[in-house]
Amino acid sequence: MASNRILQDLLAQAGLPDVSDGHDTGGGSFGGTSRLTLTDGREVFLKTQRDAPAGFFQAEALGLQALAETNAIHVPEVLAVSDSGLLMEWLSGSPASDYAERLGEQLATLHRHTSDAFGFEMDNFCGLTPQPNPRMADGFAFFAEARLEHQARLAQQGGLLQSRDIKCIEAIASRLQDWIPEQPASLIHGDLWSGNVHCGPSGEPVLIDPAAHYGWAEADLAMTTLFGRQAPAFYQAYAEAADLDPDWEERIPLYNLYHLLNHLNLFGGGYLSSVRAVLDRFG
């Protein structure tokens, strides 16, 4: 279980009582996660990491709060945050019969919250990778510079990509308008793989672990296909609620190139072939 000092500091910050019981959940890729029962019977969820990058948990908390303020889809309430941990309400349940449809409709509702600029009010993280969020009016420039080229530079510095790969990524980044239509700057989750989509106590969809920012809605939707797709009813409900372009799936590899590069940087060369498959297709 997490460091007692980290936990006690967070409980004090939130004005919560002591813990009566708890256990590690094993759900964190980069740190510790625990489900805790308080002496008053409430359950909370704790994420910790002693060597977390500066602002790591604060950025996650801000992302959760931004999503929550839309009232579009359920996210855990942030109870307390520090440099070493994040304390949230515990949410868990079994999916309702209309779970997939509700997820699609609610994600479309989230994406209707737009801004006049891409980016976010602070830089954050996708996994443990720094994610820059400069405020930019041009979505193509934002995705090219703050997403694809940013990840490519990190991979080059880590010796994970060759110069020909970098040149190909730069060429794709310069031609995004050839494939991707104009889209508004929508508030998106930013790391919407299946592991970050959960279920709440009433069977409702719940989103966790955001890399929230204003970006392309199609990019958020594309991430749902990368590591296990959602049910077909989800995509149908989203398409109906969002008036989704029927050709959006042709662009999935371009959007997911960002996440494949991120996984290359986080986990190493096992993702290189997937990255190069996209480069070969569009480069």
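You'll find the structure just up there.
Residues numbered from 1 in each chain as written. Predicted model: local features only at pLDDT ≥ 70, side-chain atom pairs only at ≥ 80, totals over all residues. Heavy atoms only, no water.

Undergrad: Please give an account of helix H4 (residues 139–157) that cites residues and values.
TA: Relative to the 27 Å expected for 19 residues at 1.5 Å per residue, H4 spans 26 Å between its end C-alpha atoms, a close match to the ideal helical length. For H4, the principal kink sits at Glu-149 and spans about 35°. With a side-chain oxygen lying 2.8 Å from the backbone nitrogen of Phe-140, the N-terminal cap of H4 falls on Asp-138. Once H4 finishes, Gly-159 follows within two positions and takes phi at roughly 70°, a positive value. (Helix = DSSP H or I, 4+ residues; strand = E, 2+ residues; numbered from the N terminus. Expected span 1.5 Å × (residues − 1). Bend = angle between axes of the 7 residues up to and from the residue. Polar contact = N/O pair within 3.5 Å; in protein donor to acceptor, adjacent residues only side chain to side chain.)

Undergrad: Describe the sheet that holds strand S2 (residues 32–38), and please don't skip the residues or the numbers.
TA: Here we have five strands laid out as an open sheet, ordered S1-S2-S3-S5-S4, and antiparallel in their pairing. Each edge of the open sheet is held by one strand with a lone partner, namely strand S1 (19–24) and strand S4 (78–81). Recorded for the sheet is a direction-independent mean angle of 20° between the axes of neighbouring strands. Strand direction decides the pairing type here: S1 and S2, joined by five bridges, are antiparallel. (Pairing = 2+ DSSP bridges. Axes fitted to C-alpha atoms, helices over the stretch in contact; angles between N-to-C directions.)

Undergrad: Could you give an account of the sheet that holds strand S9 (residues 185–188), naming the residues involved and the relevant values?
TA: The three strands are arranged S6-S9-S12 in an open sheet whose pairing can be described as antiparallel. Looking at strand neighbours, the two that pair on one side only are strand S6 (114–115) and strand S12 (213–215), the edges of this open sheet. In this structure, S9 lies alongside S12, joined through three bridges in antiparallel fashion. Looking across to S12, one finds that Ser-186 is bridged to Gly-215.

Undergrad: Give a detailed account of unusual backbone geometry, specifying residues and quantitative values.
TA: Excluding glycine, most residues fall at negative phi; most peptide bonds, likewise, are trans. Of note in the backbone geometry, Asp-209 takes a positive phi value of approximately 50° without being a glycine. Secondary-structure assignment places Asp-209 in the loop between strand S11 (205–207) and S12. Positive phi, close to 55°, is recorded for Asp-243, a residue that is not glycine.

Undergrad: Explain the pairing of S4 to me, using residue names and the numbers behind them.
TA: On a regular strand, each side chain points to the face opposite its neighbour's, so the side chains alternate between the two faces of the sheet. Sheet topology note: the S4/strand S5 (residues 85–89) ladder contains three bridges and is antiparallel. The partner of Ala-80 across the bridge, within S5, is Leu-87. Where S4 folds back on S5, the antiparallel hairpin that results is connected by three residues.

Undergrad: Provide a residue-level description of the packing of H4 against helix H8 (residues 252–267), including the pertinent values.
TA: For the pair H4 and H8, interaxial distance at closest approach is 9 Å and the crossing angle is 30°. Viewed along their axes, H4 and H8 adopt a mutual orientation that is roughly parallel. When the axes of H4 and H8 are compared, the crossing they make is left-handed. Side by side, H4 and H8 meet where Phe-143, Arg-147, Leu-148, Gln-151, Leu-154 and Ala-155 of the first sit next to Leu-254, Tyr-255, Leu-257, Tyr-258, Leu-261, Asn-262, Leu-264 and Asn-265 of the second. Considered class by class, the residues forming the contact of H4 with H8 number 10 nonpolar, three polar and one charged. (Parallel < 35°, antiparallel > 145°, perpendicular 65-115°, else oblique. Left-handed = near helix turned anticlockwise from the far one by under 90°. Contact = heavy atoms within 4.5 Å. Nonpolar A, V, L, I, M, F, W, Y, C, P; charged D, E, K, R; others polar.)

Undergrad: Describe helix H2 (residues 56–69), listing the residues and the values that go with them.
TA: The first and last C-alpha atoms of H2 sit 20 Å apart over 14 residues, in line with the 20 Å expected at 1.5 Å per residue. Counting buried residues in H2 gives 10 out of 14 residues, a clear majority hidden from the surface. When H2 is considered as a whole, its buried residues turn out to be Phe-56, Phe-57, Ala-59, Glu-60, Ala-61, Leu-62, Gly-63, Leu-64, Ala-66 and Leu-67. Where H2 terminates, the next one or two residues include Asn-71, which has phi positive at roughly 55°. (Buried < 20%, exposed > 50% of the residue type's maximum accessible area, 1.4 Å probe, protein only.)

Undergrad: Could you give an account of the packing of aromatic side chains, with specific residues and numbers?
TA: Taken as a whole and judged by the stated rule, the model has 14 aromatic pairs. Measuring from ring centre to ring centre gives 4.7 Å for Phe-234 and Tyr-235, while their planes differ by 75°; the resulting arrangement is edge-to-face. For the pair Phe-234 and Tyr-235, a shared accessibility class is recorded, and that class is buried. Arg-147 extends its terminal NZ or CZ atom over the ring of Tyr-258, reaching a point 5.5 Å from the ring centre. Across the ring face of Tyr-235, the terminal group of Arg-229 is positioned such that the distance to the ring centre comes to 4.6 Å. (Phe/Tyr/Trp six-rings, centres within 6.5 Å; stacked < 30°, edge-to-face > 60°. Lys NZ or Arg CZ within 6 Å of the ring centre and 35° of its normal.)

Undergrad: Give me the lowdown on the side chain of Gln-230, citing residues and values where you can.
TA: As for its placement among the helices and strands, Gln-230 is situated in the loop between helix H6 (217–223) and helix H7 (232–242). Residue classification places Gln-230 among the buried residues on the basis of a relative accessible area of 17%. Apart from the residues within four sequence positions on either side, Gln-230 is in contact with Leu-103, Ser-194, Val-197, Thr-224 and Tyr-235.

Undergrad: How would you summarise the nonpolar core if you had to cite specific residues and measurements?
TA: Ranked by internal contacts, the top residues of the largest apolar core, which has 76 residues, are Leu-148, Leu-161, Leu-176, Trp-216, Leu-221 and Leu-261. Examining the composition of this core, we find that nine residues originate from one element, H4, more than from any other. No fewer than three residues from each of domain 1 (1–89) and domain 2 (98–282) sit in this core. In terms of nonpolar packing, the next biggest core, distinct from the first, is built from 11 residues, Leu-10, Leu-16, Leu-46 and Leu-87 among them. (Core = buried A, V, L, I, M, F, W, Y, C linked by side-chain atoms within 4.5 Å. Domains from an automatic or database assignment.)

Undergrad: Account for the packing of H8 against helix H9 (residues 272–282), with residues named and values stated.
TA: At their nearest, the axes of H8 and H9 sit 9 Å apart, and the two run at 150° to each other. In terms of axis orientation, H8 runs roughly antiparallel to H9. Note on packing geometry: the crossing formed by H8 with H9 is left-handed. Counting all contacts with H8, which are made through Pro-253, Leu-254, Leu-257, Leu-260, Leu-261 and Leu-264, the residues of H9 involved are Leu-272, Ser-274, Val-275, Val-278, Leu-279, Arg-281 and Phe-282.

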